[in-house]
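What the coordinates show
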Amino acid sequence: VQLQASGGGRVQAGGSLRLSCAASGRTFSSYTMGWFRQAPGKELEFVSGTSGGRTYYSDSVKGRFTISRDNAKNTVYLQMNSLKPEDTAVYYCAARIGGMHYYANAYPYWGQGTLVTVSS
């Protein structure tokens, strides 16, 4: 599967952005989808995921971010509200066959990343 992430940009603290990740292939609905991010000088970290109709969030974004997917459009979204400067990072979408996993190494398919910058 090939993934194309988009929707990043610059926003002030408290603002919102919606990221999109479009996937190729006819079996999109069977994939576990995840969003990860990497801030400058930091390691890649799990942000959110969706698998089998369930959603998962890191503690740092719970209550502010919402993941959703439209299987008819082969697209997964990440709605980010109440953004904080510490949310600044390159955001990546990723896909795997199998259940939910929080580790980046478990995902063989990755999009190219989209930069989110939150200014204070």
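Each remark here, short or long, concerns the structure printed above.
Overview of the structure. What you are looking at is a predicted structure, and each value in this text was computed from that prediction instead of being measured.

Concerning the state of the cysteines
- Following the criterion strictly, the structure yields one disulfide and no others.
- There is a disulfide in this structure between Cys21 and Cys93, and the S-S distance comes to 2.1 Å. Classification of the bridge connecting Cys21 and Cys93 rests on its S-S torsion, roughly 65°, and on that basis the disulfide is right-handed. Taken as a pair, Cys21 in strand 3 (residues 17-23) and Cys93 in strand 9 (residues 89-97) lie far apart in primary sequence, 72 residues in all. Taken as a pair, Cys21 and Cys93 share a single burial class, namely buried.

Points about the nonpolar core
- Formed by 27 residues in total, the largest nonpolar core has its most connected members in Met33, Trp35, Phe65, Leu78, Met80 and Tyr91.
- Of all the secondary-structure elements, those providing two or more residues to this core are strand 1 (3-6), strand 3, strand 4 (31-38), strand 7 (65-70), strand 8 (75-80), strand 9 and strand 11 (114-119).
- When near neighbours in sequence (up to four residues on either side) are disregarded, Met80 contacts Gly15, Ser16, Leu17, Leu19, Arg64, Phe65, Tyr91 and Val116.
- Within the second largest apolar cluster, eight residues are counted, among which are Phe36, Ala94, Ala106 and Tyr107.

Some thoughts on the packing of aromatic side chains
- Following the criterion strictly, the structure yields eight aromatic pairs and no others.
- Centre to centre, the rings of Tyr56 and Tyr102 are 6.2 Å apart; their planes meet at 85°, and the pair counts as edge-to-face. Of the two residues, Tyr56 sits in strand 6 (residues 54-57) while Tyr102 sits in the loop between strand 9 and strand 10 (109-110), which places them 46 residues apart along the sequence.
- Classification of Tyr56 by relative accessible area gives buried; the value is 18%.
- Among the aromatic residues, ring-to-ring pairing joins Phe36, Phe46, Tyr56, Tyr92, Tyr102, Tyr107 and Trp110 into one connected group.
- In this arrangement the basic side chain of Arg69 is found over the ring face of Phe28, its NZ or CZ atom lying 4.6 Å from the centre.
- Over the ring of Tyr107 we find Arg96, and its NZ or CZ is 5.9 Å from the ring centre.

The rules we used
Residues numbered from 1 in each chain as written. Predicted model: local features only at pLDDT ≥ 70, side-chain atom pairs only at ≥ 80, totals over all residues. Heavy atoms only, no water. Disulfide = S-S within 2.5 Å. Helix = DSSP H or I, 4+ residues; strand = E, 2+ residues; numbered from the N terminus. Buried < 20%, exposed > 50% of the residue type's maximum accessible area, 1.4 Å probe, protein only. Core = buried A, V, L, I, M, F, W, Y, C linked by side-chain atoms within 4.5 Å. Contact = heavy atoms within 4.5 Å. Phe/Tyr/Trp six-rings, centres within 6.5 Å; stacked < 30°, edge-to-face > 60°. Lys NZ or Arg CZ within 6 Å of the ring centre and 35° of its normal.

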